[in-house]
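These are the residues of each chain, in order.
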Amino acid sequence: MEFIKVNITDEMIKRAEERASEIPKSKNTFMPHERHVIGFLGEEMFKRVFPMGKQSKGSNVYNYDYLMANKRFEIKTKMCSSDPRPDYECSIYTYYEQKADVYLFCRIKKEFGNYPYGWILGYITKKSFDDKKILIKKGTKQPNGFTTRVDTWNVYIKDLKPIRPLFDASRNNHERT
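Note that this is a predicted model, so its numbers are computed, not measured.

Caption draft 1: Local environment of helix α2 (residues 33-49). When the terminal C-alpha atoms of α2 are compared, their 25 Å separation across 17 residues agrees well with the 24 Å that a helix rising 1.5 Å per residue should span. Turning to α2, its buried residues are H36, V37, I38, F40, L41, G42, E43, E44, M45, F46 and V49.

Set out below in structure tokens:
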């Protein structure tokens, strides 16, 4: 599978950290600040690759992240220490009830305390995700040694549609406008 590798700039990190700092602390959130930064870095990568995407606003921010080609995209991002492989998994917490048409998955490499780059892995429609997802219960030890902290729905990277055709089509459409 071909992924789109995106170099992460200091400006991208700054914007992601600023957005993460605006998230109010909540007893319902188990994620530390860094996990929020990672999520926003995924969105920064999306913006870099798909500049024509329109960021959601108002109450829609809880339902999807970007609107592009009349589809609502939700960006899901994991921090990692290794390159992505087709047998690795992409996850969505089961308690999310977003109204996305498409899930787009990213990974951000953490190396020596920095985030030098990440990958846009691919995408999957909500319907395909629902057809292929597997439930991973809270407390399950994954093959990579990670123990899930909440119930998640997972699909394999190999289940995603390749990102390159979407990128090429959107770039061609963007150049015509």
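Caption draft 2: Local environment of the state of the cysteines. Summed over the entire model, instances satisfying the criterion amount to zero disulfides. Left unpaired, C90 is separated from the closest cysteine sulfur, that of C106, by 9.2 Å. For C90, a relative accessible area of 4% translates into the label buried.

Caption draft 3: Molecular detail of the packing of helix α1 (residues 10-21) against α2. Interhelical geometry of α1 versus α2 gives an angle of 130 degrees and a closest axis separation of 8 Å. As summarised for this structure, α1 and α2 are arranged oblique, according to the angle between their axes. The hand of the α1/α2 crossing is right-handed. Residues M12, I13, R15, A16, E17, R19, A20 and S21 of α1 lie in contact with α2, whose contacting residues are H33, H36, V37, F40, L41, E43, E44, M45, K47 and R48. Among the residues forming the contact of α1 with α2, the class breakdown is eight nonpolar, three polar and seven charged.

Caption draft 4: Region of interest: the pattern of salt bridges. In total, this model carries 14 salt bridges according to the counting rule given. One salt bridge connects E44 with R15, and the closest N-O pair in it is separated by 2.8 Å. With E44 in helix α2 and R15 in helix α1, this pair connects stretches of sequence that are 29 residues apart.

Caption draft 5: Looking closely at the pairing of strand β6 (residues 102-109). For β6, a buried count of eight out of eight residues is recorded, marking the element as mostly surrounded by other parts of the structure. Along β6, one buried face is formed by V102, L104, C106 and I108 and the opposite face, lined by Y103, F105, R107 and K109, is buried too. Where strand β4 (residues 71-80) and β6 come together, eight bridges link them in parallel fashion. Pairing of C80 across the sheet is with K109, part of β6. Sheet analysis places β6 next to strand β7 (residues 117-125), joined by seven bridges and oriented antiparallel. Looking at the pairing, V102 lines up with T125 of β7.

Caption draft 6: Representation of the side chain of R107 within the structure. On the secondary structure map, R107 appears in strand β6. Buried and unpaired, R107 has D83 as its nearest opposite-charge partner, separated by 7.9 Å. Here R107 is in contact with M45, T77, K78, C80, S82, P84, Y88, G118, W119, L121 and I157, once residues within four sequence places are set aside.

Cut-off values and rules
Residues numbered from 1 in each chain as written. Predicted model: local features only at pLDDT ≥ 70, side-chain atom pairs only at ≥ 80, totals over all residues. Heavy atoms only, no water. Helix = DSSP H or I, 4+ residues; strand = E, 2+ residues; numbered from the N terminus. Expected span 1.5 Å × (residues − 1). Buried < 20%, exposed > 50% of the residue type's maximum accessible area, 1.4 Å probe, protein only. Disulfide = S-S within 2.5 Å. Axes fitted to C-alpha atoms, helices over the stretch in contact; angles between N-to-C directions. Parallel < 35°, antiparallel > 145°, perpendicular 65-115°, else oblique. Left-handed = near helix turned anticlockwise from the far one by under 90°. Contact = heavy atoms within 4.5 Å. Nonpolar A, V, L, I, M, F, W, Y, C, P; charged D, E, K, R; others polar. Salt bridge = Lys/Arg side-chain N within 4 Å of Asp/Glu carboxyl O. Pairing = 2+ DSSP bridges. Lys, Arg positive; Asp, Glu negative; His and termini not counted.

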